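Given next are the chains, with one letter for each unit.
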Amino acid sequence: MTARADAPTPTTARTRGPVLRWLAVGALLFGLGALWSLAVPLMASPDEPSHVVRAAAVARGQLSGTANDAPQSTQRPGVGTLVRLPSDFAAALALPNCFAFDRDQPADCQEDLPAAGPEVLVETFAGQYPPLYYALVGWPSLFLSAGPSIVAMRLVSAAISAALLTWAAFRLTTTAGNRAGLWGLGVAITPMCLFLAGTVNPAGLEISAAVAFWAACLVLVSRDGPVSTAALVQAVVSGALLLNIRATGPVWALAIVVVALVAAPRGRWRELLRPPSARWVGLGAAVAVLASVGWLATHGSVVTTRGLYPQFADLRTAVLGILGDGFLYLQNMIGDFGWLDAPAPPLTFVGWYLALGALLLPALAAARPGRQRAALGLLVAGVAAAPLILQLPTVVDTGLIWQGRYALPIAVGIPLLAALVLRVDGTESGEAHRRTARAVVPVLLVAHVAAFWWGSRRYAEGLDGQLITGTPDWSSPIGYLSGIAMYTVVASGLAWALWSFYRPALVESAQPTAAAHAEA
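Residues numbered from 1 in each chain as written. Predicted model: local features only at pLDDT ≥ 70, side-chain atom pairs only at ≥ 80, totals over all residues. Heavy atoms only, no water.

Chemist: When you look at the overall build of the protein in this model, what are you seeing that I'm missing?
Modeler: Counting its regular elements, the protein contains 22 helices and five strands. The contacts of the protein with a sequence gap of at least 6 include a subset with a gap of at least 24, amounting to 81%. Entry remark: accessible area of the protein is about 21900 Å², with carbon and sulfur atoms responsible for 66%. (Helix = DSSP H or I, 4+ residues; strand = E, 2+ residues; numbered from the N terminus. Contact = heavy atoms within 4.5 Å. Areas by Shrake-Rupley, 256 points an atom, 1.4 Å probe, with all protein chains shown as cover.)

Chemist: Is there a simple way to think about the state of the cysteines in this case?
Modeler: By definition, a disulfide links two cysteine residues through a covalent bond between their sulfur atoms. Under the defined criterion, the tally for this structure stands at one disulfide. Shown here is the disulfide that connects cysteine 98 with cysteine 109, its sulfur atoms set 2.0 Å apart. On the sign convention where negative is left-handed, the bridge of cysteine 98 and cysteine 109, at about 80 degrees about the S-S bond, is right-handed. Linking cysteine 98 in the loop between helix 3 (87–92) and strand 3 (119–124) with cysteine 109 in the loop between helix 3 and strand 3, this pair joins segments that are eleven residues apart in sequence. (Disulfide = S-S within 2.5 Å.)

Chemist: Any chance you could explain the packing of aromatic side chains here in plain terms?
Modeler: One pair of aromatic rings is described through two measures. These are the centre distance and the angle between the planes. Considering all chains together, one arrives at 13 aromatic pairs under this definition. The interplanar angle of 65 degrees and the centroid separation of 5.7 Å between the aromatic rings of phenylalanine 101 and tryptophan 339 together place this pair among those described as edge-to-face. Taken together, the residues span a long stretch of sequence, with phenylalanine 101 in the loop between helix 3 and strand 3 and tryptophan 339 in the loop between strand 4 (336–337) and strand 5 (342–343) at a distance of 238 residues. Phenylalanine 101 sits in the exposed class, given a relative accessible area of 62%. Arginine 179 extends its terminal NZ or CZ atom over the ring of phenylalanine 501, reaching a point 3.9 Å from the ring centre. Stacked on the ring of tryptophan 454, the Lys or Arg arginine 457 has its end atom at 5.0 Å from the ring centre. (Phe/Tyr/Trp six-rings, centres within 6.5 Å; stacked < 30°, edge-to-face > 60°. Buried < 20%, exposed > 50% of the residue type's maximum accessible area, 1.4 Å probe, protein only. Lys NZ or Arg CZ within 6 Å of the ring centre and 35° of its normal.)

Chemist: What is the right way to look at the sheet that holds strand 1 (residues 66–67) in this model?
Modeler: Two modes of strand pairing occur in sheets, parallel and antiparallel, and in both the strands are linked by backbone hydrogen bonds. Pairing is antiparallel in the open sheet, where three strands are placed in the order 1-2-3. The open sheet has two free edges, formed respectively by strand 1 and strand 3, since each of these has just one partner strand. Both strand 2 (residues 81–86) and strand 3 contribute to a ladder of six bridges, which runs antiparallel. Paired with leucine 82 across the two strands is glutamate 123, which belongs to strand 3. (Pairing = 2+ DSSP bridges.)

Chemist: Help me understand unusual backbone geometry in this model?
Modeler: For methionine 43, which is not glycine, the phi torsion reads 65 degrees and is therefore positive. Here methionine 43 is to be found in the loop between helix 1 (10–39) and helix 2 (48–59). Phi at aspartate 47 takes a positive value of approximately 60 degrees, unusual for a residue other than glycine. With respect to the helices and strands, aspartate 47 occurs in the loop between helix 1 and helix 2.

Chemist: Would you explain helix 20 (residues 428–460) in this entry?
Modeler: Two residues of an α-helix separated by three or four positions point the same way, owing to the 3.6 residues in each turn. Between its terminal C-alpha atoms helix 20 stretches 49 Å, which fits the 48 Å expected from 33 residues at 1.5 Å a residue. Phi for glycine 462, located one or two positions after helix 20, is positive at around 85 degrees. (Expected span 1.5 Å × (residues − 1).)

Shown next, in the form of structure tokens:
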């Protein structure tokens, strides 16, 4: 009897298995972002009203709009830009007014949106931001009214971010002889990353693109042997996104490349330039850089206020003000949701401090490799100094506007690089690191679920309301307790996958592959 023509061959089965596993990882990551999308009230993400209006306008071809004059008062966050949109988008701007900045006020005060009407002038304070993110997420507004289109934009944003994070995870597993990459990625993806990815905010996609760019760059410089064309392609695609999503993108992209240069073994960068594919990758990178610089050069009004904070003309006052907010910056990187009025619970912060400390401190103290450890020290210092470096030049015009999430595109590189320094391999120290990586997984799971619970509670009951209730003051489309349960299930699926990845058998079985790669 002959086999059926359409029966799967062993080679096909071996190929299909990993593909399905990575698709499952991507689906779980999307699930976490999507649950944030549905659990948070409309316009309850930082500056989401301006970002929604900007996205709807870009989808309609209004790339720049009409900029107003620079504000003369601190009551306005910057120069507004006028665009023309259906009237329900104008009404949507007022949705967060009744609960924003009041952590004890649930979202039940939010009014229903009226039906869409004729186009009117609508103001956005993101009108001069690079249009790429808004073009990617704004298209649902072309055929949906304001309310449903905001939810759809959030889900599109969550899907793109999930794809980039999955790409990063896959790339980190291709480092021969070192399986520590996913440990670093688990620590890098804080609840704040997922919250921003699941709302209409370019910061979420900027962070995800940065994670993918970090992964590609670190794999390229840390592995021996032939240069991976796939990693080069990932570097240029994710780097192009990073460059063109927000005005700070070029700064973060340059910082990542510098850190990778420091971490690379001697001569590795010359090897990266040898493959024929490197020329095409370089051309793509040049086009991305030109697009980013071109937009910023012709839209110089991202920082638009002038001299509204004269008290910070005194350098000492400005520096002390920035340093005094340092702990708040750190907390904002981990989880401070809504309009900075829904901080994660202490359990989340403590869990992340433990997880990051278990990874970072041994890496900084490691005896080898010296270049990677030096790059890690440089990166930690850069993240700490970023609020000073980027805020002091404009502090008299803008005031102290820095938030920790602004630095996440480079801060995520700390656990990623630390994991590569430590290594998880067949050595005695590698086995100790493997056990630590497994121990961190349940800590991260509890921290994520607690953060989502607190974020949901803030809008369902207010932070002074009940922790467990079947009749909350406000309920999202997925419900209060039911939404928390769904998030727990999805997060547990990802935690189980990471826990399984660090089984002893898997780490040991990877060693022959690594050895073979080194001999190639």
